[in-house]
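If you want the building blocks of each chain, they are given just below.
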Amino acid sequence: MMRFMLLFSRQGKLRLQKWYTATAERDKKKMVRDLMQIVLARKPKMCSFLEWRDLKIVYKRYASLYFCCAVEEQDNELITLEVIHRFVELLDKYFGSVCELDIIFNFEKAYFILDEFLMGGEIQDTSKKSVLKAIEQSDLLQEEDESPRSVLEEMGLA
Amino acid sequence: MPAVSKGDGMRGLAVFISDIRNCKSKEAEIKRINKELANIRSKFKGDKALDGYSKKKYVCKLLFIFLLGHDIDFGHMEAVNLLSSNKYTEKQIGYLFISVLVNSNSELIRLINNAIKNDLSSRNPTFMCLALHCIANVGSREMAEAFASEIPRILVAGDTMDSVKQSAALCLLRLYKTSPDLVLMGEWTSRVVHLLNDQHMGVVTAAISLITCLSQKNPDEFKTCVSLAVSRLSRIVSSASTDLQDYTYYFVPAPWLSCKLLRLLQCYPPPEDGAVKGRLVECLETILNKAQEPPKSKKVQHSNAKNAILFEAISLIIHYDSEPNLLVRACNQLGQFLQHRETNLRYLALESMCTLASSEFSHEAVKTHIETVINALKTERDVSVRQRAADLLYAMCDRSNAKQIVAEMLSYLETADYSIREEMVLKVAILAEKYAVDYSWYVDTILNLIRIAGDYVSEEVWYRVIQIVINRDDVQGYAAKTVFEALQAPACHENMVKVGGYILGEFGNLIAGDPRSSPLVQFNLLHSKFHLCSVPTRALLLSAYIKFINLFPETKTTIQEVLRCDSQIRNSDVELQQRAVEYLKLSSIASTDVLATVLEEMPPFPERESSILAKLKKKKGPGAVSVTELEDNKREGGELNGGADRGPDSAAMAAKNRPMSNFSTHCHSGKITNNR
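First things first, this report covers the structure right here in the doc. (Residues numbered from 1 in each chain as written. Chains lettered and ligands numbered in written order. Predicted model: local features only at pLDDT ≥ 70, side-chain atom pairs only at ≥ 80, totals over all residues. Heavy atoms only, no water.)

Focus on the overall build of chain A
Then, in step 1: A count of helical and extended segments in chain A gives six helices and seven strands.
Then, in step 2: Going from the N terminus to the C terminus, chain A shows its helices and strands as β-β-α-β-β-β-α-α-α-β-β-α-α.
Then, in step 3: In chain A, which comprises 158 residues, the proportion classed as buried is 58%.
Then, in step 4: The contacts of chain A with a sequence gap of at least 6 include a subset with a gap of at least 24, amounting to 48%.
Then, in step 5: If you sum the accessible surface of chain A, you get close to 6,900 Å²; carbon and sulfur atoms cover 53% of it. (Helix = DSSP H or I, 4+ residues; strand = E, 2+ residues; numbered from the N terminus. Buried < 20%, exposed > 50% of the residue type's maximum accessible area, 1.4 Å probe, protein only. Contact = heavy atoms within 4.5 Å. Areas by Shrake-Rupley, 256 points an atom, 1.4 Å probe, with all protein chains shown as cover.)

Structure follows, in structure tokens:
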């Protein structure tokens, strides 16, 4: 299973962190710092896998963002690389040519998309269509929810 | 542009995020955050009840602040309130908050569990999925207690929607991992296995993960999954790429599902049923064949997916370890990958071959690639790939290639990354001992290790070489001579001084005949390093000096003068001072006979498993050292005693009454005879 997934920029800013096991906040911070340092130091031609503590790290860079997953000893590295790619495809489809800013300003959406796709560190559904449909359905629900707010309401005057 | 920027955007949130991004310094950021926190606090405490939208917005802001790395100590109540909203987005944010900021307050837990319970029984699939997600994300004991019996029911109920089944399967998996005692096997288990036959591939994908985990702990209960898995795999592998439509990924049919099925099969031995086994072997052969066909697409995603399946199939073949034909084919395939353009594939091939090397069927086949692997060790630019090559050399090492491999590993060690040196040192030490036919080669190797990577040579390694030299008559003279030469080097590592000091102390007499290594020369050599060494090494050297007095009476005056000087007998370190004083006294008052008895040659060490192996295992985890290797070492531990019959003398010597209270620690350098 996947233990965690991190998205961070070249400058070391964490944009998304999803943890699939209960970990103390202090430990999370330390692991993130440690791993970011290691991954950011790697050169472009190096392979996408490395061993870290008792886990395997699979990472790939897309534009300005590093997608970094930690999987267990017996997990398949190549397929994890494609899990990352699938996630990027989903983000891309949803946001339309996704860029880092989209993930910064719509961070909660990025988490929702990830949750439709992975759960408990395992893949739920690998059909791009199914996952996107599920996300779009929830967006539709959202629009139904949002009863139109008048300008006065928005300004807190009614 | 985001598809959902139509009016929902939580404008206040976007503004806040912009503000943070525009902060020029850390202090400015903290200031802005504190301002916002104060604002939110007042809104939450205010008399006016907040509407759902505002609550959602503020909870989302808190979440953002938390994810930036700041601590949040309020907002949980409001998030929990959001859970009971009927509006989907509000619920969603509420669930996200409590999944990320897990709180152990029991009142909150009770409320959260209540909300989850309501959503689970709501019959609304989207709400049910949200609730299941939350349970899977948090996976706490309290949630397991509340829901562990409910989830299996949802999973196998006929009227559950596919999307909910998927979520239920993975949710149950999480609960099983964190609280296995609360997930009881029951009538649902056989129904779960049949999910492998479900029409919806997403359900199958999710169910397999669950079944794989359950099978590992309850193999008998779930063994019917094997034949179902084989037939599912067979259907996928033989399907055309257009059959599976949505589940085809860059022209590869259902790669995730295939990998998971192959993984599931690795939880069981090869199928006993002939027909099932036949079908599976056919599958594996098809997968291996496909690897040789020209690719359907140039995209890296296609080749990654295809190769992911191939590597998993190879893992299965290795796991079975019973089909020589498949094993050889797997080995050849990996051999091809060893020279592939893509670094990832070279890395994985080296990794896979390591496991293959321990199979008796393919060990010889793996060895044929030794030149390629050595070349990889020398020329690969990526340090992680070089490390894999080193691991593979270690795994493929046996009597026939030990000398070559140890030599390569030593030369690699000279330029290796500091982070991996200690492990490399342990491995070289283990190989040198295990495959030594000629123990002078072993001694040379260890001394080379100390010379090249002295800082990383742990105690276990140099204790071991001393143990072996003590136990083997045939190598003692050689060891003395080699160590003497090594100490001539102007800058030699402290570990070398330790080993040298000990060995010369015990066996210096074997080379004392040659004027170039006469007793005084030996003493001066050791003493020249004395002031450069740490306290434990000096303590060891002092013991060597007293042994010299016994071995070479002509050195007595010189050595006594050294012992007598203030820097020794008034040394601020208690141990050094005590040794200097006691040795001085011993040398003055003991008769030659008594001295000879007290400082008699060290008796051989009892047979014992090498602590080096234990240290390597501890360092790398249980997977690093195979069980057979450990057993081999136990058997070969007999060689420690070098076949020379020490007989009753050793027992007598060991029982000799030492006149001074802690003399035994002095002679035995503190730790060598203790079982660590």
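A word on the packing of aromatic side chains
Then, in step 1: Inspection of every chain in the model, using the stated rule, returns 20 aromatic pairs over all chains.
Then, in step 2: Ring centres of Phe 49 of chain A and Tyr 347 of chain B lie 5.6 Å apart, and the angle between their planes is 50°; on these two criteria the pair is classed as tilted. A residue pair is termed interchain when its members come from two chains, as with Phe 49 of chain A in strand S3 (residues 49–52) and Tyr 347 of chain B in helix H18 (residues 343–357). Comparing Phe 49 of chain A with Tyr 347 of chain B shows no difference in burial state: the two are buried. (Phe/Tyr/Trp six-rings, centres within 6.5 Å; stacked < 30°, edge-to-face > 60°.)

Observations concerning the sheet that holds strand S1 (residues 2–9) of chain A
What holds strands together in a sheet is hydrogen bonding between their backbones, with the strands either parallel or antiparallel.
Residue and element names in this part refer to chain A.
Then, in step 1: Sheet architecture is open: five strands sit in the order S2-S1-S5-S4-S3, paired in antiparallel fashion. Looking at which strands have only one partner, the edges of the open sheet turn out to be strand S2 (14–19) and S3. Adjacent strand axes in the sheet meet at a mean angle of 20°, parallel and antiparallel pairs treated alike.
Then, in step 2: Judged from the five bridges that link them, S1 and S2 form a sheet pairing that is antiparallel. Within S2, the position partnered with Phe 4 by the bridge is Trp 19. (Pairing = 2+ DSSP bridges. Axes fitted to C-alpha atoms, helices over the stretch in contact; angles between N-to-C directions.)

Re the packing of helix H14 (residues 255–265) of chain B against helix H16 (residues 300–320) of chain B
Packed helices, taken two at a time, are described by the angle their axes make and the gap between the axes.
Residue and element names in this part refer to chain B.
Then, in step 1: Running from N to C, H14 and H16 cross one another at 10°; their axes reach a closest spacing of 9 Å. Comparing the axis directions of H14 and H16 gives the class roughly parallel. Residue-level contacts link Pro 255, Ser 258, Cys 259, Leu 262, Arg 263 and Leu 265 of H14 to Ala 305, Ala 308, Ile 309, Glu 312, Ala 313, Leu 316, His 319 and Tyr 320 of H16.
Then, in step 2: Class assignment for the residues of the contact of H14 with H16 results in ten nonpolar, two polar and two charged. (Parallel < 35°, antiparallel > 145°, perpendicular 65-115°, else oblique. Nonpolar A, V, L, I, M, F, W, Y, C, P; charged D, E, K, R; others polar.)

Concerning helix H1 (residues 11–22) of chain B
Then, in step 1: With twelve residues, H1 of chain B should cover 16 Å at 1.5 Å per step; its first-to-last C-alpha distance of 17 Å lies within 8% of that length.
Then, in step 2: When we look at burial in H1 of chain B, the residues that qualify are Leu 13, Phe 16, Ile 17 and Ile 20 of chain B. Buried residues of H1 of chain B, seen end-on, are gathered within an arc of 100° and therefore sit on one face of the element. In this structure, H1 of chain B carries Arg 11 and Asn 22 of chain B as exposed residues pointing more than 90 degrees from its buried face.
Then, in step 3: Its buried side turned inward, H1 of chain B meets helix H3 (100–105) and helix H4 (107–117) of chain A together with helix H2 (26–45) and helix H3 (52–68) of chain B. (Expected span 1.5 Å × (residues − 1). Arc of directions from axis to C-beta.)

Section: the packing of helix H12 (residues 201–217) of chain B against H14 of chain B
Residue and element names in this part refer to chain B.
Then, in step 1: Interhelical geometry of H12 versus H14 gives an angle of 20° and a closest axis separation of 10 Å. Considering the angle they form, H12 stands roughly parallel to H14. In this structure, H12 crosses over H14, and the sense of that crossing is left-handed. Packed against H12, whose contacting residues are Met 201, Val 204, Thr 205, Ile 208, Ser 209, Ile 211, Thr 212, Ser 215 and Gln 216, the element H14 presents Leu 257, Lys 260, Leu 261, Arg 263 and Leu 264 at the interface. (Left-handed = near helix turned anticlockwise from the far one by under 90°.)

Overview of the side chain of Gln 387 of chain B
Then, in step 1: Tracing the chain through its elements places Gln 387 of chain B in helix H21 (residues 383–396).
Then, in step 2: For Gln 387 of chain B, the contacting residues outside a window of four places in its chain are Tyr 412, Ile 420, Glu 423 and Met 424 of chain B.

So, to be careful, I would describe these as geometric facts and stop short of saying anything about function.
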